[in-house]
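Chain by chain, the residues run as shown.
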Amino acid sequence: MSNFIVKRVAVLGAGVMGAQIAAHLVNAKVSVILFDLPAKEGPKNGIGLKALDGLRKLNPAPLGVAELASQIELGNYEQDLEKLSQCDLIIEAIAERMDWKHDLYKKVAPHISTHAIFASNTSGLSITRLSEGFEGDLKARFCGVHFFNPPRYMHLVELIATPSTNPAILDQLESFLTTTLGKGCVRAKDTPNFIANRVGIFGMLATIEQAQRFGLTYDVVDDLTGSKLGRASSGTFRTADVVGLDTMGHVIKTMQDNLQDDPFSALYATPAVVKGLIEKGAIGQKAGAGFFRKEGKAILRLDPAKGEYVPSGAKADDTVVRMLKKKTWAERLGLLRESTNPQAQFVWSIIRDGMHYSACKLQEIADNARDLDMALRFGFGWNEGPFEIWQQAGWKQVAEWIAADIAAGKAIANVPLPAWVTSGPVAEREGVHQPEGSFSAATGQFVPRSDLPVYQRQAFRAPLFGEGVADGKTAGATLFEDNDIRLWTLPGANDDVVIASIKSKMHAIGPGVTAGLLKGVELAEASYKGLVVWSPDEPFSVGADLQAMLPLFMSGGAKAIEPEEKKLQDAMLRLRYANVPTVAAVSGMALGGGCELAVYCAKRVASLESYIGLVEVGVGLVPGAGGLAYGARRAAEEQAMAPDASLFDFMKKYFMAAATAQVSRSAIEAQAMGYLLPDDLIVFNRYELLLTAVKQARAMFDLGYRAPRKSMIKVTGRTGLATIQAQLVNMRDGGFISAHDFHLGKTIAEVMTGGDVEAGSMVDEAWLLTLERKAFGSLLTHPKTQERIMGMMQTGKPVRN
């Protein structure tokens, strides 16, 4: 099994999770067959066909592009069981019924290959009891593999062994899931709801209890427990609506049924409000109502006392917000605990309850504290796990506070903290996370991270407070650094490539960033094998720094901006024509100038979750750093490879993308849009992005990289411009676009068609860039554009005028 490779996967069950797991597999170019029961009427694979149709429509999109749905093969248990023998991995994802799962296992077992791994995606049933559905060798190849919903976007996968599971199975699965599907794997013990749901659902139940205790409404709670607390922006109740109250109810019931002797069991009762909503069918977003309901553009919240929906939008008190903005967790928690403000007391209570529960359950549910913290971060979108927060705030002090609240009857349950919290190595060293590893309550030792070879692909692994390991902000050898950019190299064998990490807010591109990128190219050409543009946090870049431009515009108008725009265009060309390979390592948003920065590099390595596009029309402008010139050039290059096709059709694709501010919903879609090229690399695990990009630059250099030759570009000229303008007139006159949208579209077309030249004319890059620069400058003085710019700067939202 040491050479185990997953070439083909079967997913059993075409429900919500099964279908989306299959979708993510085809995203990763893994051959997959999706099984379900034979349909009673119509095509035998009717259930699967319906699932594929759902995948194409679902939002957020489970597929990189909707067309990938056709690559999912369908099967049913009546006609296609023999196809299981071709599969290396079988993932069962049917309904959470032990008896149904056992019946299915008996049906499929005779058809499973002797080398295949079989895994259940159960969210909380006992893996050991599930394994009783198998006999002999297959038991050793069975385990739990718990994806979180939605599987494409949620980083966490929990791996659960039984006493019979061959340990090599989990290593093989972890390697496959980590690099091929981009997951963060955590080993969980075989206990009800494993790690993330056990602690996460407890946290939701505690939040509901404490919200009632302090008299807080659902909208206020969500504002307090979202991004202000370093958690998912949807907060608590909105998250419950998105997940589905029926799903939440099922997880709670698993705890009720299997944890009756748990000292926290009183809290595992389904809250009356949740029970009532489920009975009414108001199970959240998929039903159109839950804790919240949307009516037109208005969001209403449930008033449980009245049993009806009322207007929402209440926010956290400014006093509490200021507490949560304090620099350290020690300050935050101290202020929250001492405050008499009900909202502050609420926030302290839910943080305290989460820490209390995590400490009490660590030995039962997880091998070590790192796995618990990572499960909450990867599965629930927390920035920091409960133990990380506790350790940052001061281990002994927080332990004393929790113990005092337990003694005073303020805690959610009268359960003492375990002895390891206040004595032994954790207390002595002030925390569970140390450079040598994270604390295991079962062994009393600090357990190091996994050393599986797959993690050698990651220059920096997911950081954990207390480990004391350098990250992408401080590691390596710094060559140059200022407030805008850091130029540095990795330690060790990969120290021959310069890395440019942008430091500005949202990685916006201002004069300092531009100068830093140019300096990076100079350094790379002088002494290194290449330049990689990568930052340790997302986004890649949201584009030009409008705030930095404003003083220049106010003092000198559009004429003062044009030289700066020329400098930015020249920087893009410098990246394109550098004597060493330049590689953009893209993850997250690459918008406007960020998109231009990426496309002008010699190569791109992109995380699957890369959202790339030219969005300048949102602020009443057109791309000004070469984005339109790029579209015209790529259209000519694509048409040259298909000489019988129309140049106009290729150009129109890039025109529409810029004119409608289209942003890719994945790196796969960015490839279809032309912002990533067919030979650009897509990486599924963002922690592998940097090292992949560095190795790509080195390989290009070692293979004798030469910059592209400057060449003439064929354009559609006046004919293409007239065609687009006629279409824009129809859209304006039909009321589909505003007069200013028409003006913007016409301006974009004037650049991308090459302007006032004959159809088929050959122009150079400088011609197109000059047109682009003049278009950008002319729009800066337009009143409607100025309205859009000011609106975006004041509200962060585009203005339509």
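Residues numbered from 1 in each chain as written. Predicted model: local features only at pLDDT ≥ 70, side-chain atom pairs only at ≥ 80, totals over all residues. Heavy atoms only, no water.

*Asks:* Outline the overall build of the protein chain, listing residues and values.
*Replies:* Along the backbone of the protein chain there are 30 helices and 23 strands. Relative to its length of 801 residues, the protein chain is compact, with a C-alpha radius of gyration of 28 Å against a globular reference of 28 Å. Expressed as lengths along the three principal axes of its C-alpha atoms, the size of the protein chain is roughly 80 × 65 × 60 Å. Looking at the 801 residues of the protein chain, the share that counts as buried comes to 57%. Counting contacts in the protein chain only where the partners sit at least 6 residues apart, residues at least 24 apart contribute 69% of the total. Distance between charge centres in the protein chain, computed from 85 positive and 87 negative side chains, equals 3 Å. (Helix = DSSP H or I, 4+ residues; strand = E, 2+ residues; numbered from the N terminus. Rg over C-alpha atoms; globule rule 2.2 N^0.38 Å. Buried < 20%, exposed > 50% of the residue type's maximum accessible area, 1.4 Å probe, protein only. Contact = heavy atoms within 4.5 Å. Lys, Arg positive; Asp, Glu negative; His and termini not counted. Charge placed at Lys NZ, Arg CZ, Asp CG, Glu CD.)

*Asks:* I'd like a rundown of the packing of aromatic side chains, residues and numbers included.
*Replies:* Taken as a whole, this structure holds 27 aromatic pairs when the rule is applied. Aromatic pair tryptophan 348 and tryptophan 401: ring centres 5.8 Å apart, planes at 90°, arrangement edge-to-face. Here tryptophan 348, found in helix α14 (residues 342–365), pairs with tryptophan 401, found in helix α17 (residues 395–407); they are 53 residues apart in sequence, far enough to count as distant. Taken as a pair, tryptophan 348 and tryptophan 401 share a single burial class, namely buried. (Phe/Tyr/Trp six-rings, centres within 6.5 Å; stacked < 30°, edge-to-face > 60°.)

*Asks:* Which residues make up unusual backbone geometry, and what are the values?
*Replies:* The linkage connecting asparagine 149 with the following residue, proline 150, adopts the cis geometry, with an omega of 0°. Mapped onto the secondary structure, proline 150 falls in the loop between β6 (142–147) and β7 (156–160). Of the consecutive residues glutamate 538 and proline 539, the connecting peptide bond is found in the cis state with omega at 5°. Take proline 539: it is sitting in the loop between β18 (531–533) and α21 (546–576). A positive phi angle, close to 55°, is found at histidine 507, a residue other than glycine. One can find histidine 507 in the loop between β17 (498–502) and α20 (511–527). Here the phi dihedral of alanine 661 falls at roughly 55°; this positive angle occurs in a residue that is not glycine. A residue is classified by how much of its surface remains accessible, and alanine 661, at 24% relative accessible area, is partly exposed.

*Asks:* How would you explain the sheet that holds strand β5 (residues 117–120) if you had to name every residue and give the values?
*Replies:* The strand order across the open sheet formed by eight strands is β3-β2-β1-β4-β5-β6-β7-β8, and the pairing between neighbours is mixed. In the strand order of this sheet, the two ends are held by β3 (73–76) and β8 (184–188), each with one partner. Between one strand axis and the next, the sheet turns by 25° as a mean value, whatever way the strands run. In this sheet, β5 lies alongside strand β4 (residues 89–92) in parallel orientation, the contact comprising four bridges. Bridge pairing in β5 places isoleucine 91 opposite alanine 119. Its contacts with the sheet put helix α3 (residues 98–108) on β1 (8–12), β4, β5 and β6, and the angle it makes with β5 is roughly 165°. (Pairing = 2+ DSSP bridges. Axes fitted to C-alpha atoms, helices over the stretch in contact; angles between N-to-C directions.)

*Asks:* Before we move on, can you summarise helix α15 (residues 369–380) with the specific residues and values?
*Replies:* Here α15 spans 16 Å end to end across twelve residues, near enough to the 16 Å set by a 1.5 Å rise per residue. The element α15 is extensively covered by neighbouring structure, given that twelve of its twelve residues are classed as buried. Here α15 has its buried residues at Ala369, Arg370, Asp371, Leu372, Asp373, Met374, Ala375, Leu376, Arg377, Phe378, Gly379 and Phe380. Capping the start of α15 is the job of one residue whose side-chain oxygen sits 3.0 Å from the backbone nitrogen of arginine 370: asparagine 368. Following α15 by one or two positions, glycine 381 has its phi on the positive side, about 75°. (Expected span 1.5 Å × (residues − 1). Polar contact = N/O pair within 3.5 Å; in protein donor to acceptor, adjacent residues only side chain to side chain.)

*Asks:* Could you give an account of the side chain of arginine 8, with specific residues and numbers?
*Replies:* In this structure, arginine 8 sits in strand β1. A relative accessible area of 11% means that arginine 8 is categorised as buried. Other than its neighbours up to four places away in sequence, arginine 8 contacts Ser31, Val32, Ile33, Glu73, Gln86, Cys87, Asp88 and Leu89.

*Asks:* Quick rundown of the sheet that holds strand β19 (residues 582–591)? Include the residues and the values.
*Replies:* Read from one edge to the other, the open sheet built from seven strands follows the order β15-β16-β17-β18-β19-β20-β21, with strand pairing classed as mixed. In this open sheet, the two edge strands, each paired with only one partner strand, are β15 (477–481) and β21 (681–683). Here the average twist between neighbouring strands, direction ignored, is 25°. Here three bridges tie β17 to β18, and the two strands are oriented parallel to one another. Residue pairing in the sheet places valine 498 in a bridge with leucine 531 of β18. The strands touched by α20 are β15, β16 (485–489), β17 and β18; relative to β16, the strand with the most contacts, the crossing angle is about 20°. Relative to β19, helix α22 (residues 593–600) is tilted by about 155°, and along the sheet it contacts β17, β18, β19 and β20 (603–613).

*Asks:* Can you lay out the pattern of salt bridges for me, pointing to particular residues and giving the numbers?
*Replies:* In total, this model carries 51 salt bridges according to the counting rule given. Salt-bridge contacts for lysine 566 lead to aspartate 570; the nearest nitrogen and oxygen are separated by 3.0 Å. Here the residue lysine 566 and the residue aspartate 570 both occupy positions in helix α21, the gap between them amounting to four residues, near one helical turn. We classify lysine 566 as partly exposed; its relative accessible area is 34%. The exposure class of aspartate 570 is partly exposed, given its relative accessible area of 34%. One salt bridge connects arginine 633 with glutamate 637, and the closest N-O pair in it is separated by 3.2 Å. With a gap of four residues between them, arginine 633 and glutamate 637 both fall in helix α23 (residues 627–640), about one helical turn apart. Taking relative accessible area as the criterion, arginine 633 reaches 6% and is therefore assigned buried. (Salt bridge = Lys/Arg side-chain N within 4 Å of Asp/Glu carboxyl O.)

*Asks:* Explain the state of the cysteines to me, using residue names and the numbers behind them.
*Replies:* Two cysteines whose sulfur atoms are joined by a covalent bond form what is called a disulfide. According to the stated counting rule, one finds zero disulfides in the structure shown. Cysteine 87 forms no disulfide, and the closest cysteine sulfur to it belongs to cysteine 143, at a distance of 16 Å. Given a relative accessible area of 0%, cysteine 87 falls into the buried group. Under the relative-accessibility criterion, cysteine 143 is labelled buried at 0%. (Disulfide = S-S within 2.5 Å.)

*Asks:* Explain helix α28 (residues 739–752) to me, using residue names and the numbers behind them.
*Replies:* In a regular helix each residue adds 1.5 Å, so 14 residues correspond to 20 Å; α28 covers 20 Å between its end C-alpha atoms and thus fits that length. By the criterion of burial, α28 is predominantly enclosed, with ten of the 14 residues buried. When α28 is considered as a whole, its buried residues turn out to be His740, Asp741, Phe742, Leu744, Gly745, Thr747, Ile748, Ala749, Val751 and Met752. Close packing links the buried residues of α28 with α23, α24 (647–659), α27 (717–733), α29 (765–780) and α30 (783–795). Phi for glycine 754, located one or two positions after α28, is positive at around 90°.

*Asks:* An account of the nonpolar core is needed here, citing residue identities and associated values.
*Replies:* Generally speaking, soluble globular proteins have nonpolar side chains that are buried together. One finds Phe118, Phe291, Leu333, Phe387, Trp390 and Trp420 to be the most contacted residues of the largest nonpolar core, which totals 120 residues. Ranked by residues supplied to this core, first place goes to α14 with eleven residues. Not counting residues within four places of it along the chain, the set of residues in contact with phenylalanine 387 comprises Ser358, Ala359, Leu362, Ala369, Leu372, Asp373, Trp395, Trp420, Val432 and His433. With 82 residues, the next largest nonpolar core counts Leu573, Tyr577, Leu628 and Leu768 among its residues. (Core = buried A, V, L, I, M, F, W, Y, C linked by side-chain atoms within 4.5 Å.)

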